[in-house]
Amino acid sequence: MRTYLSVGKLRFIHGMQYRTAAFAGIATQFFFGFVFIMIFVAFYSHSTVEQPISLEQVVSYSWLRQAFLAFVALWFRDSEIFQLITSGNVAYELCRPCRLYEFWFSKLVGQRLSYAVLRCFPILAVTFFLPAPYRLNPPASAESLSLFVAALLLGLLVNVAISMFIYISVFWTMSPIGSTMMIAIVGDFFSGMLIPVPLMPDWLQQVSYALPFRWALDFPFRVYSGNIATAEALWGILIQAVWIVALFLLGRWALQRSLRKLVVQGG
Amino acid sequence: MITLNGISKSFKVAKRSAGLRQAAKALFVREHTIVEALRDITFSIGKGEIVGYIGPNGAGKSTSIKVMSGILVPDRGSCEIMGYTPWKERTAYVKQIGVVFGQRSQLWWDVPVIDSFELLRDIYKIPTQVYRANVDLLTETLDLASLLPTPVRQLSLGQRMRCEIAASLLHDPQVLFLDEPTIGLDAVSKIAVRHFIQTINKEKGITVVLTTHDMNDIEALANRILMIGHGRLLYDGSLGELRRRFGAQKTITVEYREHSLPVRVEGAELLSWTAERAMFTVDTSRCKVADAIAQLSEQLELVDVAVEATPIDEIIVQLYKEHSL
């Protein structure tokens, strides 16, 4: 266990060095945050029926997504692992006395944590004080806040467990582009990255609820604003845990299989 | 210590000829060829030996190292190293070995070397005292003091290789696999690396298996050579024996007053000829060096004579030739 904490820590420290990248990231995330919210403001002001999620909740949802983008975005990846695989440097990782799946898993968690820590505080701090429709509202209650923190962290694990499949697929395809595109586009849509799940048509909501992706994003952000009530949130956290275990076991099995047919190329 | 018995491994390689038409065809039908990287490799290595593993490019050296370090699973055959089968008890086994792949890096590119070392300490669960002692020893013998706080991307190749070797020894392995540890290094770094390998072999009794293309590495380090070609083990013996077998030849270089026609020497073979300088090889089992020189001095007005033993590189080339590699 210490091994995995240690690799996560090193990746975290490693990620914390890139300050300029963080500033650029924050600027981009503000920009897209405003664009999304403007669209939703226009949409709500012309809507005649009552929506299943209020404008305030959607605004909070959007800012949280921007602040914790590194937790929730599937296209966000560690190119180092891709290089390890395609260049054959994975050979070294295989002569270590630890399990490769857990090793990479901790590395990815460390990376996403470092990115989010660098970016979330400035975004949260500023958006709390923005004028009315654009403001990030405080959490619905103290319970929703603590449930949100738990759900967000578990969501990070869901997301990393899903993204592991992208890395594993590279053992077969030798190129990360295709699998990243496919998993990221499908995943980011059904996770509620583009439109919050409650605003989707019924049949799309059903699809989204059946898939693991929304548990990383839609779920924690709606818990924050109280759109998902406390009792339901507790059940949700349990379902998150089940998904994490299932994805973890499946991913580990898939990696084991791909290693058995491994060819380490060159020299 | 290390025993390989009948290890075979083949790879399936996708293949197509050049050209657009072939590329289009490959979209539908893939042609594969089977490359037999290792065929029936059998040898054993004792504790504390330094063994040089040589062979031309693509002979199967690296594949053997990967099998022995538990990365690849062979198709057939058995391998026992310190009582483990590498690919079966991988996790327990790899704690006992150190591996350096000269063409790859195990250090984290963007962080100081010492951070990578500390990660390795946690990966191998090295007790703090042992870790301290080993870092101190390695820092001293490999002269790493100024390198440890430097990010890896800022190191030169020679400096990086010293750190790589140190990284593979932090956990006190009993066997060290070095896959081309001196590739691309300058003369000073090469000598430093060789010297260090000798030291740890003597002081800690670590068994070393190294692959290399630099015969000076072999000459400086290995008492025993394994030669592999086309996936087969072709030679297993000492360097001295190899010399006796092929090194019976001497090279004679003579300089003389201008002479326009090549001369013939009984029992010697002409290697090169100019009007003022010539090289011969003499098989000392057929002709004494003195006789050859006597014959030369009869025909030429000699200015200078030099006699050399055949360099190890040429012996290896002859060995490759003998097996038509």
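Residues numbered from 1 in each chain as written. Chains lettered and ligands numbered in written order. Predicted model: local features only at pLDDT ≥ 70, side-chain atom pairs only at ≥ 80, totals over all residues.

1. Comments concerning the sheet that holds strand β12 (residues 277-283) of chain B
All names here are of chain B. Selection rule: Any two strands with at least two DSSP bridges between them are considered paired. Numbered from the N terminus, helices here are DSSP runs of H or I no shorter than four residues, and strands are runs of E no shorter than two. Axes, fitted as lines to C-alpha atoms, cover a helix only where it is in contact. Angles between the N-to-C directions of the axes lie from 0 to 180 degrees.
The four strands are arranged β11-β12-β10-β13 in an open sheet whose pairing can be described as antiparallel. For this open sheet the edge positions go to β11 (268-273) and β13 (302-309), each flanked by a neighbour on one side alone. Adjacent strand axes in the sheet meet at a mean angle of 20 degrees when their direction is disregarded. Here strand β10 (residues 249-256) pairs with β13 via seven bridges, running antiparallel.

2. Brief notes about the pairing of strand β3 (residues 50-54) of chain B
All names here are of chain B. This is how the line gets drawn: Residue burial is a threshold on neighbouring C-beta atoms within 10 Å of the residue's own C-beta, all placed from the backbone, with 20 or more meaning buried, 12 or fewer meaning exposed, and counts in between meaning partly exposed.
Extensive coverage of β3 is indicated by the burial of five of its five residues. Alternating positions in β3 separate into two faces, Ile50, Gly52 and Ile54 on one and Val51 and Tyr53 on the other, with burial throughout. Relative to strand β7 (residues 207-211), β3 runs parallel, the two being bridged by four bridges. Residue pairing for β7: valine 51 is matched across the bridge by valine 209. Pairing analysis gives four bridges linking β3 to strand β8 (residues 224-229), with the strands arranged parallel. Bridge pairing links glycine 52 to isoleucine 225 in β8.

3. Let's talk about the confidence of the model for chain A
Keep this limit in mind: Per-residue confidence from the prediction method is given by pLDDT, with values spanning 0 to 100.
Here chain A averages 88 in pLDDT, while 97% of its residues score no lower than 70. By mean pLDDT, helix α5 (residues 79-87) of chain A is the weakest element of chain A at 82, and helix α11 (residues 218-224) of chain A is the strongest at 93.

4. Some points on the confidence of the model for chain B
Confidence along chain B averages 86 in pLDDT terms, with 98% of residues attaining 70 or more. Taken together, the chains of this predicted complex give a pTM of 0.81 and an interface ipTM of 0.78.

5. Examining the interface of chain B and chain A
Think of interface size as the accessible area that goes away when the parts come together; that is how it is often given. Stated formally: Any pair of residues counts as being in contact when their C-beta atoms, constructed from backbone geometry, are within 7 Å of one another. Throughout this entry, Asp, Glu, Lys and Arg are counted as charged residues, while Ala, Val, Leu, Ile, Met, Phe, Trp, Tyr, Cys and Pro are counted as nonpolar. The remaining residues, Gly among them, count as polar.
Residue-level contacts link 25 residues of chain B with 20 residues of chain A. The biggest single contributor to the side of chain B that touches chain A is helix α4 (residues 113-123) of chain B, with four residues. Residues belonging to the side of chain B that touches chain A are distributed by class as follows: 12 nonpolar, seven polar and six charged.

6. A closer look at the nonpolar core
Just so we agree on the cut-off: For the purposes of this analysis, a nonpolar core is taken to be any set of buried Ala, Val, Leu, Ile, Met, Phe, Trp, Tyr and Cys residues that are connected through C-beta atoms within 7 Å.
With 136 residues, the main nonpolar core has Phe68(A), Val158(A) and Phe177(B) as its most contacted residues. Setting aside anything within four residues of it in sequence, one finds Phe68(A) in contact with Ala116(A), Cys120(A) and Leu152(A). Residues Ile252(B), Val254(B), Val282(B) and Ala292(B) belong to the second largest nonpolar core, which totals eight residues.

7. Examining the pairing of β12(B)
Residues and elements named next belong to chain B. Burial along β12 is one-sided: Ala278, Phe280 and Val282 are buried, and none of Arg277, Met279, Thr281 and Asp283, which face the opposite way, are. Pairing of β10 with β12, which is carried by seven bridges, proceeds in the antiparallel orientation. If you follow threonine 251 over to β12, its bridge partner there is threonine 281. Across five bridges, the pairing between β11 and β12 is antiparallel. For leucine 270, the partnering residue across the bridge sits in β12 and is phenylalanine 280. Following β11, the chain reverses through three residues before pairing antiparallel with β12.

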